[in-house]
Amino acid sequence: MCGIIGFIGEKEAKNLLVEGLKRLEYRGYDSSGICVKNDLGLSIVKNLGKIDQLEKDSRLSSVRGKIGIAHTRWATHGEPSEVNAHPHCDCKNELAVVHNGIIENYSSLKKILEKEGHKFKSKTDSEVIAHLLEKFYKGNLAEALLKVLPLLEGTYGLAVIAEKSGEIVVAKKGSPLVLGIGNGDMFFASDQTALINHVNKIIYLNDNEIAVLRKDNFEIKNINGKNVNYEIEELKLGAESIEKNGFEHYMLKEIFEQPKSVKSALTGRLNKDGVKLSININLKKIERVILLGCGTSWHSALIGKYVIEELTNIPVEVDYASEFRYRNTPIRDSDLVVAISQSGETADTLAAIKKAKECNAKTIGIVNAVSSSIARECGTGIYLHAGPEIGVASTKAFTSQITALILLALYIRKERGMELDNDLLKEIASLPQKLILSLESCDEVEELAKKFKDSKNFIFLGRGFNFPIALEGALKLKEISYIHAEGYPSAEMKHGPIALIDENMPCLFICPHDHTYDKVLSNIEEVKARKGKIIAITDKTDDKLSSIADEIIYVPAVHPILSPLVNVIPLQLFAYFVANMKGLDVDKPRNLAKSVTVE
Ligand code: M6R
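Treat the numbers as computed from the prediction; the structure is a model and nothing was measured.

### Thoughts on the environment of arginine 27
Argument step 1. With respect to the element layout, arginine 27 can be found in the loop between helix 1 (13–24) and strand 2 (31–38).
Argument step 2. Judged by its relative accessible area of 2%, arginine 27 is buried.
Argument step 3. In sequence terms arginine 27 and valine 596 are 569 residues apart; their C-alpha atoms lie 7.8 Å from each other.
Argument step 4. Excluding residues within four positions of it along the chain, arginine 27 makes contact with Met1, Cys2, Gly3, Trp74, Asn100, Pro176, Ser190, Asp191, Ala593, Lys594, Ser595 and Thr597.
Argument step 5. Within the structure, the side chain of arginine 27 is placed 3.5 Å from the side chain of tyrosine 26, a separation counted as a polar contact.

Right, here's the structure in full:
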């Protein structure tokens with residue numbers, strides 16, 4: 001869950017690396033470091049904290065050279081500190097390594113290396129790679145790395161440079177790594193966004209491959225040292241996709257992008273005859289759907305369950321990818337297993353889909369990041385086309401995931417010869433306009449945030465399609481404002497959480513006027529009777545609700561299946577404003593990283 005980048009060419013590496021690290025900062029931001037090579041040797045600067053700390057470090061001014069590697073860290077082994085920050089070196093400081101992933105057998109390797117006389121400086125797992133390289137390096141970095149890799153258990157996207165070598169050697173297993181081919185220079189990075197503006201040709205390295213990068217050529221080899229074929233792809237993202245475009249934070253920009261991102265998810269897939277998806281799997285005979293994801297993607301999976309069961313009558317199970325991967329559960333070839341992931345790199349989701357494939361289930365991905373590990377593992381599915389999501393709190397990917405799941409449900413329905421509801425299709429086509437209307441709640445939500453920003457706890461309640469929205473509203477508030485929040489199905493509240501209600505407990509009810517409305521109204525009464533503060537998100541004025549709710553936010557009325565999309569927007573805005581008013585780092589909340597590539 002770290003970000004790595006490197007450059008080799010004719011330009012000064014330092015600024016390119018620091019700029020690249022900033023674009024990778026979403027992957028981890030507790031410490032960072034850079035190593036640049038010149039004729040005098042390797043210069044290393046490491047710093048605790050975010051990349052701007054590294055950028056301000058006066059030691060950086062003396063760093064010069066045209067070959068370099070850099071790293072931004074999310075600590076797994078060893079606390080965030082300068083000594084644990086990457087790059088890590090061998091005993092003689094002649095080799096430097098950056099590593100994203102986990103070396104599971106590091107402790108036994110470390111014991112052996114220590115017995116052999118190697119001196120370790122850090123508490124990280126990654127440092128063993130540098131010492132192993134030291135052991136095998138005889139002037140050819142690639143040869144040394146090919147001897148080291150079979151000894152490593154775990155995952156890595158890693159890169160190494162040496163004082164006496166004019167090459168960068170990188171390797172990949174289980175952590176993403178992309179090469180950028182420039183004019184007379186080469187880059188590598190954990191993510192293509194770090195390469196925007198520098199190259200337009202990229203190569204995704206496969207697992208168990210290494211690449212030797214020189215300023216004007218490169219080689220890609222397998223773990224046996226044999227050259228392999230590779231595919232050069234075009235880097236299609238432009239600089240605008242990673243800029244804030246006048247917004248104070250990426251999160252706010254991404255919330256406001258949702259009409260556009262949902263439109264992109266629908267483009268070319270919805271027409272007057274229904275739904276067109278390029279899924280090359282026969283879905284006519286599937287007997288069960290299993291939806292897998294983590295965090296926000298798991299919440300969209302829950303909505304997917306409601307939608308797919310409603311529209312296709314096929315039973316749907318939803319699992320946390322981290323639970324599914326280790327549970328002994330029957331999986332059949334008549335199952336369709338769907339991996340849902342914004343980043344396409346979440347380790348648990350990737351492992352879960354591999355397990356489903358091993359059991360011969362049909363697998364598809366609902367993924368935002370094109371050519372990511374999960375997308376490639378699934379081989380087919382639905383890309384979200386939401387553009388890069390940089391704020392750590394997922395917003396636009398969530399609404400695009402729900403949109404993709406609705407399309408999937410309609411597609412299965414069509415494949416199985418069931419009629420499509422034209423009114424629903426028309427409403428789906430008008431979703432982007434409905435989201436624009438929902439965003440009009442922004443000013444009122446900001447006022448609401450002013451009133452509740454100092455609350456210590458929060459309960460979010462919803463029913464049916466909007467129960468997962470209650471979970472998502474609570475998660476958004478927790479992760480960026482650090483306020484304890486619970487999401488619950490409205491009717492479940494009386495089975496326990498109701499004990500928490502008093503005059504200090506704000507309860508936010510999501511209550512569109514659907515078939516559950518009267519029931520939710522009764523749940524609101526129950527909270528009111530215990531002096532809880534009521535905030536309601538609803539779709540039309542109603543005397544009864546107005547008389548009991550302390551605060552009401554209005555969103556447009558839509559088909560019940562689409563209501564999660566319009567209802568989540570005020571909740572995203574609420575979390576954003578509360579966190580911002582508290583002076584917190586909205587885009588990079590503490591302890592989190594955007595892409596969770598460790599278990
Ligand atoms: O990239 P993924 O969708 O696989 O990520 C899954 C979760 O890590 C992610 O949704 C996380 O919960 C976000 N911080 C939520 O805002």
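### Topic: the sheet that holds strand 19 (residues 335–341)
Neighbouring strands of a sheet are bound in pairs by backbone hydrogen bonds; such pairs are parallel or else antiparallel.
Argument step 1. Reading across the sheet, the 5 strands line up as 18-17-19-20-21 and stay open at both edges, with parallel pairing between neighbours. Where the open sheet ends on each side, the last strands, each with one partner, are strand 18 (316–320) and strand 21 (381–383). On average, each strand axis in the sheet is tilted by 15 degrees relative to the strand beside it, whichever way the strands run.
Argument step 2. Bridge count between strand 17 (residues 288–293) and strand 19: 5 bridges; the pairing is parallel. Counted as the bridge partner of leucine 292 is alanine 339 from strand 19.

### Topic: the sheet that holds strand 8 (residues 168–173)
Argument step 1. Taken in spatial order, the 6 strands of this open sheet run 5-6-7-8-12-13, and their pairing is antiparallel. Edge positions in the sheet fall to strand 5 (88–89) and strand 13 (218–222), since each of these pairs with one other strand and no more.
Argument step 2. The sheet contact formed by strand 8 and strand 12 (residues 209–213) spans 5 bridges and is antiparallel. The partner of isoleucine 168 across the bridge, within strand 12, is leucine 213.
Argument step 3. Relative to the sheet, helix 4 (residues 127–136) contacts strand 5, strand 6 (95–100) and strand 7 (156–162), its axis offset from that of strand 6 by approximately 140 degrees.

### Description of the pattern of salt bridges
Note on pairing: side chains with opposite charge can pair once their charged atoms come close.
Argument step 1. A full pass over the atoms with the stated rule returns 30 salt bridges.
Argument step 2. With a shortest N-O distance of 3.3 Å, lysine 11 and aspartate 185 are connected by a salt bridge. You can see lysine 11 sitting in the loop between strand 1 (3–8) and helix 1 and its partner aspartate 185 sitting in the loop between strand 9 (178–181) and strand 10 (186–189), a full 174 residues away along the chain.
Argument step 3. Owing to a relative accessible area of 45%, lysine 11 belongs among the partly exposed residues under this scheme.
Argument step 4. With a shortest N-O distance of 2.6 Å, lysine 172 and aspartate 207 are connected by a salt bridge. One end of the pair, lysine 172, is in strand 8; the other, aspartate 207, is in the loop between strand 11 (201–204) and strand 12, with 35 residues separating them in the sequence.
Argument step 5. You can call lysine 172 buried: its relative accessible area is 3%.
Argument step 6. Beyond isolated ion pairs, a larger network of salt bridges with shared partners links Glu167, Arg214, Glu219 and Lys221.

### Description of the packing of aromatic side chains
Argument step 1. Tallied over the entire structure, the rule returns 9 aromatic pairs.
Argument step 2. What links up through ring pairs into an aromatic cluster is the set Phe452, Phe458, Phe460 and Phe574.
Argument step 3. It is lysine 355 that lies over the ring of phenylalanine 324; its NZ or CZ is 5.2 Å from the centre.
Argument step 4. Across the ring face of tyrosine 482, the terminal group of arginine 590 is positioned such that the distance to the ring centre comes to 3.9 Å.

### Details of the site of the ligand
Argument step 1. Near the ligand lie 14 residues; those nearest to it are Ser297, Ser341, Ser343, Thr346 and Glu479.
Argument step 2. Interatomic distance of 3.1 Å between a backbone N/O atom of threonine 296 and an oxygen atom of the ligand.
Argument step 3. Measuring from an oxygen atom of the ligand, one finds a side-chain N or O atom of lysine 476 at 3.0 Å.
Argument step 4. Contact with the protein chains covers 91% of the free accessible surface of the ligand, which is 410 Å².
Argument step 5. Looking at the shell around the ligand, its residues break down into 4 nonpolar, 8 polar and 2 charged.

### A word on the nonpolar core
Argument step 1. Of all hydrophobic cores here, the largest spans 91 residues; its most connected members are Leu291 and Leu408.
Argument step 2. Residue contributions to this core reach at least three from each of two domains, namely domain 2 (244–429) and domain 3 (439–584).
Argument step 3. Leucine 408 has contacts with Leu277, Ile279, Leu283, Ile308, Val338, Ile364, Ile366 and Ile382, leaving out every residue within four places of it along the chain.
Argument step 4. Core analysis: the second largest hydrophobic core is formed by 30 residues, Leu24, Leu60, Leu235 and Ile242 among them.

### Description of the side chain of asparagine 105
Argument step 1. Among the structural elements, asparagine 105 can be located in the loop between strand 6 and helix 3 (106–115).
Argument step 2. The buried category is assigned to asparagine 105, whose relative accessible area is 11%.
Argument step 3. At a separation of 2.9 Å, a polar atom in the side chain of asparagine 105 contacts the main-chain carbonyl oxygen of leucine 151.
Argument step 4. Dropping the residues within four chain positions of it, asparagine 105 is found in contact with Leu151, Leu152 and Glu153.

### Some details on the environment of threonine 76
Argument step 1. For threonine 76, the location among the structural elements is in the loop between strand 4 (67–73) and strand 5.
Argument step 2. Taking the C-alpha atoms as reference points, threonine 76 and threonine 124, 48 residues apart in sequence, are found 7.9 Å from one another.
Argument step 3. The residues contacting threonine 76, other than those within four sequence positions of it, are Ile102, Asp125 and Val598.

### Re the domain arrangement of the protein chain
Argument step 1. Per the domain assignment, the segments of the protein chain are domain 1 (3–240), domain 2 (244–429) and domain 3 (439–584).
Argument step 2. Look at where the C-alpha atoms of domain 2 and domain 3 centre, and you get two points 25 Å apart.
Argument step 3. Counting from both sides, the interface comprises 31 residues of domain 2 and, opposite them, 25 residues of domain 3.
Argument step 4. Between domain 2 and domain 3 lies a buried interface of about 2,400 Å² when both sides are counted; carbon and sulfur atoms form 76% of it.
Argument step 5. Inspection of the region where domain 2 meets domain 3 yields 0 salt bridges.
Argument step 6. Taken together, domain 2 and domain 3 are joined by 8 residue pairs in polar contact (both at pLDDT 80 or more).
Argument step 7. Within the residue set of the side of domain 2 that touches domain 3, elements represented by two or more residues are helix 6 (250–256), helix 7 (258–266), helix 8 (295–312), helix 12 (396–415) and helix 13 (422–429).
Argument step 8. Per-element tally for the side of domain 2 that touches domain 3: the top contributor is helix 8, with 10 residues.
Argument step 9. Split by residue class, the side of domain 2 that touches domain 3 holds 18 nonpolar, 9 polar and 4 charged.

### Some remarks on the environment of alanine 470
Argument step 1. Note that alanine 470 resides in helix 16 (residues 467–481).
Argument step 2. Linking alanine 470 and isoleucine 112, residues 358 residues apart in sequence, is a C-alpha distance of 51 Å.
Argument step 3. What alanine 470 contacts, discounting residues up to four positions off in sequence, is Phe460, Leu461, Gly462, Gly487, Tyr488 and Ile510.

### Regarding unusual backbone geometry
Argument step 1. Look at the link from histidine 86 to proline 87: it is a cis peptide, with omega at 0 degrees.
Argument step 2. Structurally, the position occupied by proline 87 is in the loop between strand 4 and strand 5.
Argument step 3. Positive phi, normally seen in glycine, also occurs at asparagine 591, with a value near 65 degrees.
Argument step 4. Along the polypeptide, asparagine 591 turns up in the segment after helix 19 (563–581).
Argument step 5. Since its relative accessible area comes to 62%, asparagine 591 is described here as exposed.

Definitions and cut-offs
- Residues numbered from 1 in each chain as written.
- Predicted model: local features only at pLDDT ≥ 70, side-chain atom pairs only at ≥ 80, totals over all residues.
- Heavy atoms only, no water.
- Helix = DSSP H or I, 4+ residues; strand = E, 2+ residues; numbered from the N terminus.
- Buried < 20%, exposed > 50% of the residue type's maximum accessible area, 1.4 Å probe, protein only.
- Contact = heavy atoms within 4.5 Å.
- Polar contact = N/O pair within 3.5 Å; in protein donor to acceptor, adjacent residues only side chain to side chain.
- Pairing = 2+ DSSP bridges.
- Axes fitted to C-alpha atoms, helices over the stretch in contact; angles between N-to-C directions.
- Salt bridge = Lys/Arg side-chain N within 4 Å of Asp/Glu carboxyl O.
- Phe/Tyr/Trp six-rings, centres within 6.5 Å; stacked < 30°, edge-to-face > 60°.
- Lys NZ or Arg CZ within 6 Å of the ring centre and 35° of its normal.
- Near = heavy atom within 4 Å.
- Areas by Shrake-Rupley, 256 points an atom, 1.4 Å probe, with all protein chains shown as cover.
- Nonpolar A, V, L, I, M, F, W, Y, C, P; charged D, E, K, R; others polar.
- Core = buried A, V, L, I, M, F, W, Y, C linked by side-chain atoms within 4.5 Å.
- Domains from an automatic or database assignment.
- Buried area = accessible area lost by both parts, 1.4 Å probe.

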